[in-house]
Amino acid sequence: MAVDKSRNLTPRQQEVMRATVRHYVSTAEPVGSRALLEAFDFNVSAATIRNVMGALERSGFLYQPHTSAGRVPSDSGYRLYVDELIKPSKPTAQRFDRLLSQQLNWQGWSVEALLQEAAQILAHLSGYVALVTMPRLENMVVKHLQLVQMSAEKVLLVVVLESYGTESMVVSLPRGTTGAGATQDERALDRELQILSNFLTTQLCGRQLSEISSLDWDEVDTAEHHVVALCHAIDALTRRKRQPQTHILVTGVTDVLNQPEFAEQSQLRNLIALLADGREQLWPLMCSDDSHPLKIWIGEENPLEPMQGCALISAAYNRDSMPLGSVGVMGPTRMLYENTIAAVEATSSYLSEIMSGLDVSQ
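Calculation rules
Here the residue numbering is sequential within each chain, running from 1 through the sequence in written order. In keeping with the model being predicted, local features are shown solely for residues with a pLDDT of at least 70 and side-chain atom pairs are shown and tallied solely at 80 or more, while totals for entire chains, interfaces and linings include all residues. Calculation of side-chain values draws on the structure's entire complement of heavy atoms; hydrogens and water are dropped beforehand. Confidence of the prediction at every residue is given by pLDDT, a number between 0 and 100. By the criteria applied, helices consist of DSSP H or I runs no shorter than four residues and strands consist of E runs no shorter than two, each listed in order from the N terminus. What makes two residues a contact is simply this: any of their non-hydrogen atoms within 4.5 Å. Note: two strands are recorded as paired if DSSP finds a minimum of 2 bridges between them. Helix axes use the C-alpha atoms of the stretch in contact, all axes being lines fitted to C-alpha atoms, and the angles between their N-to-C directions lie in the range 0 to 180 degrees. The classification of residues rests on relative accessible area computed with a 1.4 Å probe and restricted to protein chains. Under 20% of the type maximum is buried, over 50% is exposed, and intermediate values are partly exposed. Each salt bridge in this description consists of a side-chain nitrogen of Lys or Arg and a carboxyl oxygen of Asp or Glu lying within 4 Å of one another. To estimate the expected span of a helix, count its residues, drop one, and scale the result by 1.5 Å. What the arc measures is the spread of directions leading from the helix axis to the C-beta atoms. Take the buried Ala, Val, Leu, Ile, Met, Phe, Trp, Tyr and Cys residues and link them wherever side-chain atoms come within 4.5 Å; each set so joined is a nonpolar core. Buriedness for pockets is judged along seven lines, at least five of which must meet protein on both sides within 12 Å for an open set on the 1 Å grid over protein atoms alone, while cavities are sets there where a 1.4 Å probe fits but cannot get out, and lining residues have an atom within 4 Å of a point. Grid points are joined across faces, edges and corners, and a volume is the space filled by probe spheres set on the points. Ring pairs are drawn from Phe, Tyr and Trp, using the six-membered ring of Trp, whenever the two centres fall within 6.5 Å, and their geometry is named by plane angle: stacked under 30 degrees, edge-to-face over 60, tilted for the rest.

Summary statistics for the chain give a mean pLDDT of 80 and a share of 78% for residues scoring 70 or more. Confidence, expressed as mean pLDDT per element, reaches its minimum in the chain at helix H9 (residues 225–241) with 62 and its maximum at strand E2 (residues 72–73) with 96. Below pLDDT 50 for its whole length, residues 1–6 participates in 16 contacts with residues either more than four positions away or in separate chains. The model gives residues 358–362 a pLDDT under 50, and that stretch makes seven contacts with residues more than four places away or in other chains.

Have a look at this one:
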């Protein structure tokens, strides 16, 4: 969403625009020409700076909140700044990577605990709200299946997902197909269920849940009807679980709400309500795709009214090349974008390494 007018800016206009954004981000006060001359090394007069700022205002990149005040960046100005005038901070990215490596002792953690800790680190170090979407169930990979006897004709099907926990359901088998009945002891049934567990694990290990529903169970290399019944049960389990996923972890709300942009109580209440009860609305804003791995929403670009004074920066984290979820940061549009982009990208990259099974501790 680059601003076409940016290509017409002179080098001096770009320098003044960059300096105005940085000064406003650090002070939260409208910026005047003399303030820029004092804070930055411009070898020109205050009148020249005023003229340049006036031209930027006419182009829609700056505006005056009051007639006698200095100027502040508009949403278009921030968009220009992000698209044209900065690069993500490499030192910030390296610092985040080191801290994540030191503080996320991820081996043996549940995925939710891992993502919650990553969100807390990101929120603490950025000073903004951190949001992490939980992995999409349909992209999870089967690691193991286990059948547990409940009665002669009912078993508990447990699907163990690689690093992401378990899913389960009770399955009723066709009468008599297991040989289970009054004359068969429980140990014999347990042995048969273990054989079936091993067979199904061999067939399905390494497949994503989304793949299972497309398998042709009629081609399974067995004539046993109970195996086919279990295969269809797994299919039903994956369909039942393949619902829209809206679980988003949110942390860091208290700190960011101290920013002066949120002094207005009505705006504050609406934003808190969105983060508390409307998180499912954030899901499509955060989901990335291959063509736009980094997503940035600024001000009124946000389709959600409570967020139109905010910026949202998010990036996908993957398992190998498959997107699992997204990690992001939300704060006021008066955001230190170069550092925040670097922090979000470093966090998504680190989580992707973990999810892909790499040893990131070395």
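Past the structure itself, the notes keep going.
On to the sheet that holds strand E8 (residues 294–298), then. The five strands lie next to each other as E7-E3-E10-E9-E8, forming an open sheet whose pairing is antiparallel. Edge strands, defined here as strands with exactly one partner in the open sheet, are strand E7 (248–251) and E8. Adjacent strand axes in the sheet meet at a mean angle of 15°, parallel and antiparallel pairs treated alike. Of the pairings in the sheet, the one linking strand E3 (residues 129–133) to E7 comprises four bridges and is antiparallel in character. If you follow Thr133 over to E7, its bridge partner there is Ile248. Sheet strands in contact with helix H6 (residues 111–126) are E3, E7, strand E9 (310–319) and strand E10 (322–332), and its direction is about 35° off that of E7.

Looking along a regular strand, one sees the side chains alternate between the two faces of the sheet. Across the ten residues that make up E9, a large majority, nine, are buried. Relative to E9, E8 runs antiparallel, the two being bridged by five bridges. Across the sheet, Ile298 pairs through a bridge with Ala311, a residue of E9. Note that E9 and E10 share ten bridges and pair antiparallel. Looking across to E10, one finds that Arg319 is bridged to Met322. Connecting E9 to the next strand, E10, in antiparallel fashion are two residues, including Asp320 with a positive phi near 55°.

This next bit is on the pattern of salt bridges. Here the structure, examined in full by the defined rule, presents five salt bridges. The residue Glu261 makes a salt bridge to Arg334 at a minimum N-O spacing of 2.6 Å. Separated by 73 residues along the polypeptide, Glu261 in the loop between helix H10 (253–256) and helix H11 (265–277) and Arg334 in the loop between E10 and helix H13 (337–355) bring together distant segments of the chain. Glu261 gets classed as partly exposed once you look at its relative accessible area, which sits at 21%. For Arg334, a relative accessible area of 8% translates into the label buried. Members of the salt-bridge network, linked through shared partners, are Arg79, Asp83 and Glu301.

Its 13 residues give H11 an end-to-end C-alpha distance of 18 Å, which sits within 8% of 18 Å, the value for a rise of 1.5 Å per residue. Listing the buried residues of H11 in full gives Leu268, Leu271, Leu274 and Leu275. Down the axis of H11, the sector holding all buried residues measures 130°, keeping them to one side. Facing away from the buried side of H11, by more than 90 degrees, are the exposed residues Arg269 and Asp277. For H11, the secondary structure elements touched by its buried residues are E3, E7, H10, E9 and E10.

Along the chain, Leu351 falls in helix H13. Taking the C-alpha atoms as reference points, Leu351 and Ala316, 35 residues apart in sequence, are found 9.3 Å from one another. In contact with Leu351, other than residues within four places in its own chain, are Leu114, Leu115, Ala118, Tyr317 and Asn318.

Our focus in this paragraph is the nonpolar core. Note that soluble globular proteins tend to have their nonpolar side chains buried in a common cluster. Membership of the largest hydrophobic core comes to 80 residues, with the highest contact counts inside it found for Leu115, Leu131, Leu271, Leu282, Met307, Met330 and Tyr337. The element contributing the most residues to this core is H13, with nine residues. Setting aside chain neighbours within four positions, we find Leu131 in contact with Ile248, Leu249, Val250, Leu275, Leu282, Met286, Leu312, Ser326, Val327, Gly328, Val329 and Met330.

Further remarks concern unusual backbone geometry. Phi at Ala28 takes a positive value of approximately 60°, unusual for a residue other than glycine. Within the fold, Ala28 resides in the loop between helix H1 (11–27) and helix H2 (33–39). We classify Ala28 as partly exposed; its relative accessible area is 26%.

Next up on the list: the layout of surface pockets. Rolled over the atoms, a probe as big as a water molecule pinpoints where empty space is left. Estimated volume of the largest pocket: approximately 400 Å³. Contributing to the lining of the largest pocket are 17 residues, with Tyr24, Tyr63, Glu261, Gly309 and Thr333 lying nearest its centre. At the level of elements, E2 and helix H4 (75–85) are the ones that each hand at least two residues to the lining of the largest pocket.

Per the stated rule, a full pass over the model turns up two aromatic pairs. Ring centres of Phe40 and Phe42 lie 6.3 Å apart, and the angle between their planes is 55°; on these two criteria the pair is classed as tilted. Relative accessible area serves as the criterion here: at 27%, Phe40 is assigned to the partly exposed category. Judged by centre distance (5.7 Å) and plane angle (45°), the ring pair of Tyr78 and Tyr337 falls under tilted. Pair noted here: Tyr78 is in helix H4 and Tyr337 is in helix H13, with a separation of 259 residues, a long-range link. Look at Tyr78 and you get buried, because its relative accessible area is 1%. According to the relative accessible area criterion, Tyr337 is buried, its value standing at 0%.

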